[in-house]
Amino acid sequence: MINKIRRAVRRLQIKVHHARSKFDIVIQDKIPHIKINEKYQKSVKWILRILTVIGIVSSIIAFSTWYYSLIFSIVMFLVEQIFEQIIFTHTIMLVQPLPQNWDGSKWTGMIMATNERDLFLGFGFSDKTVGMDFFNTLFAWNEDKDVNDGNIQLSLVQEDRENYSVHIYPTFERDFVKENFQLHEKLFDKRENAGKELEVLVTQMCFCKVFPISPTCAYNCLKNNTQNIYIQLFDTSRVDENDPTTYYDVSPMDDRTILFKKITVCQRKDLDKEQNPLEYYNVPKY
C-alpha cells in the first residue's frame, strides 16, 4: 500500500515539471495506456462516437486509388485504438498540515548546539510569528509527539562547494496518509466505477532553503554524525549579517524539541529519486 502512495506522490512531483499536461501515459500489461481524469469522460465518449460516424461515412466514400482508402482505414484504426486504451481516474487529494503564516525570508539560519550530552539542530527565525507557525506545523506532522518516528523527513544536501540546502517535509508513512488511503480505497466501488482507477494524490509543504557552507555549518557538523538529533526553534532576530560579533546572539524561541533518530546528509549527486523524490526533483534556486 505504501508503495502505491509513493508512486502516486512521485507522479505528483513529476507533474510539477509538466503542470500543463492533462494526462499521463503509463505501461500496463506491456501495453501503453493513457490516464485521464474522469471529468473528461464525456468528451472522450463523444470523440469515439464521432470517429464511429466518420468510419461509417468513409465506407461509402470512393477514394481515387486503393491505397488512399487503406491509409485512411489504418489511421482511423490507430486513432480509435488510442482512445480505447484510455483509463479514467477518480482522483482523491489528501492535504497534509500546512503553515498559516509562512515567510521564507524570516528563516535566517541553521544553528548547531550541544549540552555536552545531546546534539541540537536549531532552525533560526528572525520573526517569532513565522517561526512558531513553522514549528507548530512540524508538530502537526508529528501528531504532536516529541519523538519523530518516521513522520518527518529532514535532509541536508550539498548543492555545490559553497552551498547546501535544507529540506524538511512530512512523509508518506504518516497514519493520516495510510488511513485515508485505506478508507478511500474501501469506499471506491469498482462496480459503479467500471473502467475507472482510483488515484490518491498528496498535497504537502516542503520547507527548503539554501545556506552557505562553512567549516562549522550544520552540513559539515552532521555529515558523519551517528547521534540522535534534537530539532529546536531559535530566535535570530538580534543577528546582524554585517556584524560577525552578533552571530552567536541567538536563543531558543521555544522550549519544545523533536527527537530525530535519523536524517539524510549527502551530496546532490548521491540522492536516490526512489527514496528521496522530493529532494531529487526539488532543485532549489540560489
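Remember, it's a predicted structure, so these values are computed and weren't measured experimentally.

Calculation notes
- Residues numbered from 1 in each chain as written.
- Predicted model: local features only at pLDDT ≥ 70, side-chain atom pairs only at ≥ 80, totals over all residues.
- Heavy atoms only, no water.
- Helix = DSSP H or I, 4+ residues; strand = E, 2+ residues; numbered from the N terminus.
- Contact = heavy atoms within 4.5 Å.
- Buried < 20%, exposed > 50% of the residue type's maximum accessible area, 1.4 Å probe, protein only.
- Pairing = 2+ DSSP bridges.
- Salt bridge = Lys/Arg side-chain N within 4 Å of Asp/Glu carboxyl O.
- Patch = residues over 30% accessible without salt bridge, like charges linked within 9 Å, V, L, I, M, F, W, Y side chains within 5 Å.
- Areas by Shrake-Rupley, 256 points an atom, 1.4 Å probe, with all protein chains shown as cover.
- Expected span 1.5 Å × (residues − 1).
- Polar contact = N/O pair within 3.5 Å; in protein donor to acceptor, adjacent residues only side chain to side chain.
- pLDDT = per-residue confidence, 0-100.
- Phe/Tyr/Trp six-rings, centres within 6.5 Å; stacked < 30°, edge-to-face > 60°.

Trainee: Teacher, can you tell me more about the environment of Asp146 here?
Mentor: The topology assignment puts Asp146 in the loop between α4 (128–141) and β6 (147–148). Spatially, the C-alpha atoms of Asp146 and Thr257 are 6.2 Å apart, while their sequence positions differ by 111 residues. Not counting residues within four places of it along the chain, the set of residues in contact with Asp146 comprises Phe139, Thr257, Ile258 and Leu259.

Trainee: Help me understand the pairing of strand β7 (residues 152–158) in this model?
Mentor: Each regular strand carries side chains that alternate between the two faces of the sheet. Counting buried positions over the seven residues of β7 gives seven, a clear majority of the element. Here β7 shows two buried faces, one formed by Ile152, Leu154, Leu156 and Gln158 and the other by Gln153, Ser155 and Val157. Here β7 pairs with strand β8 (residues 163–170) via seven bridges, running antiparallel. Within the sheet, the bridge partner assigned to Ser155 lies in β8 and is His167. Counted between consecutive antiparallel strands, the loop separating β7 from β8 contains four residues.

Trainee: In this structure, what is going on with the pattern of salt bridges? I would like to understand it.
Mentor: Once the charged atoms of two side chains with opposite charge are near each other, the side chains can pair. Under the counting rule described, the total for this entry stands at eight salt bridges. Note that Arg238 and Asp249 form a salt bridge whose closest N and O atoms lie 3.3 Å from each other. Taken together, the residues span a long stretch of sequence, with Arg238 in the loop between β11 (229–235) and β12 (251–252) and Asp249 in the loop between β11 and β12 at a distance of eleven residues. Each member of the salt-bridge network shares a partner with another, and the members are Asp235, Arg238 and Asp249.

Trainee: What am I meant to see in a nonpolar patch on the surface here?
Mentor: Taken together, Ile74, Phe77 and Leu78 make up a surface patch of nonpolar side chains, about 290 Å² in accessible area. Within the element layout of this structure, Leu78 appears in helix α3 (residues 66–84). Among the residues examined, Leu78 registers a relative accessible area of 47% and is labelled partly exposed.

Trainee: Before we go on, may I ask you to explain α4 in this structure?
Mentor: What sets the pattern is the α-helix's 3.6 residues per turn: residues three or four places apart point alike. Here α4 contains 14 residues, and its C-alpha end-to-end distance of 20 Å stays within 8% of the 20 Å for a straight helix at 1.5 Å per residue. Restricting attention to buried positions, one finds in α4 the residues Val130, Gly131, Asp133, Phe134, Phe135, Thr137, Leu138, Phe139 and Trp141. Buried residues belonging to α4 abut β5 (119–125), β7, β8, β10 (207–212), β11 and β13 (258–260). Measuring from the side-chain oxygen of the N-cap residue of α4 to the backbone nitrogen of Thr129 gives 2.9 Å; that N-cap residue is Asp127. After α4 finishes, the residue Glu143 shows a positive phi value of roughly 55°.

Trainee: So what exactly am I meant to see when it comes to the environment of Ile111 here?
Mentor: With respect to the secondary-structure elements, Ile111 resides in strand β4 (residues 107–114). Overall, Ile111 belongs to the buried group, its relative accessible area being 15%. Between the C-alpha atoms of Ile111 and Thr236, which are 125 residues apart in sequence, the distance is 9.6 Å. Contacts of Ile111, omitting those with residues within four sequence positions, involve Phe120, Leu121, Gly122, Phe123, Gly124, Phe234, Thr236 and Val250.

Trainee: Would you mind showing me how to read the confidence of the model for the chain here?
Mentor: Where the model shows low pLDDT, its predicted coordinates should not be examined in detail. Across the chain, the average pLDDT comes to 80, with 71% of residues at or above 70. Scored below 50 in pLDDT, residues 8–21 makes 18 contacts in the model with residues more than four places away or belonging to other chains.

Trainee: Where do I start with the packing of aromatic side chains in this structure?
Mentor: Two descriptors summarise a pair of aromatic rings, namely the distance from one centre to the other and the angle between the planes of the rings. Under the defined criterion, the tally for this structure stands at 17 aromatic pairs. When the ring of Trp102 is compared with that of Trp107, the centres are 6.3 Å apart and the planes differ by 65°; the resulting orientation is edge-to-face. Judged by relative accessible area, Trp102 falls into the partly exposed class, the value being 28%. Taken together, the ring pairs in this structure connect Trp102, Trp107, Phe123, Phe125, Phe134, Trp141, Tyr164, Phe207, Phe211 and Tyr219 into an aromatic cluster.

Trainee: Is there a simple way to think about the pairing of β4 in this case?
Mentor: Where β4 and β5 come together, seven bridges link them in antiparallel fashion. For Trp107, the partnering residue across the bridge sits in β5 and is Phe125. Adjacent in sequence and paired antiparallel, β4 and β5 are bridged by four residues, among which Glu116 carries a positive phi angle near 75°.

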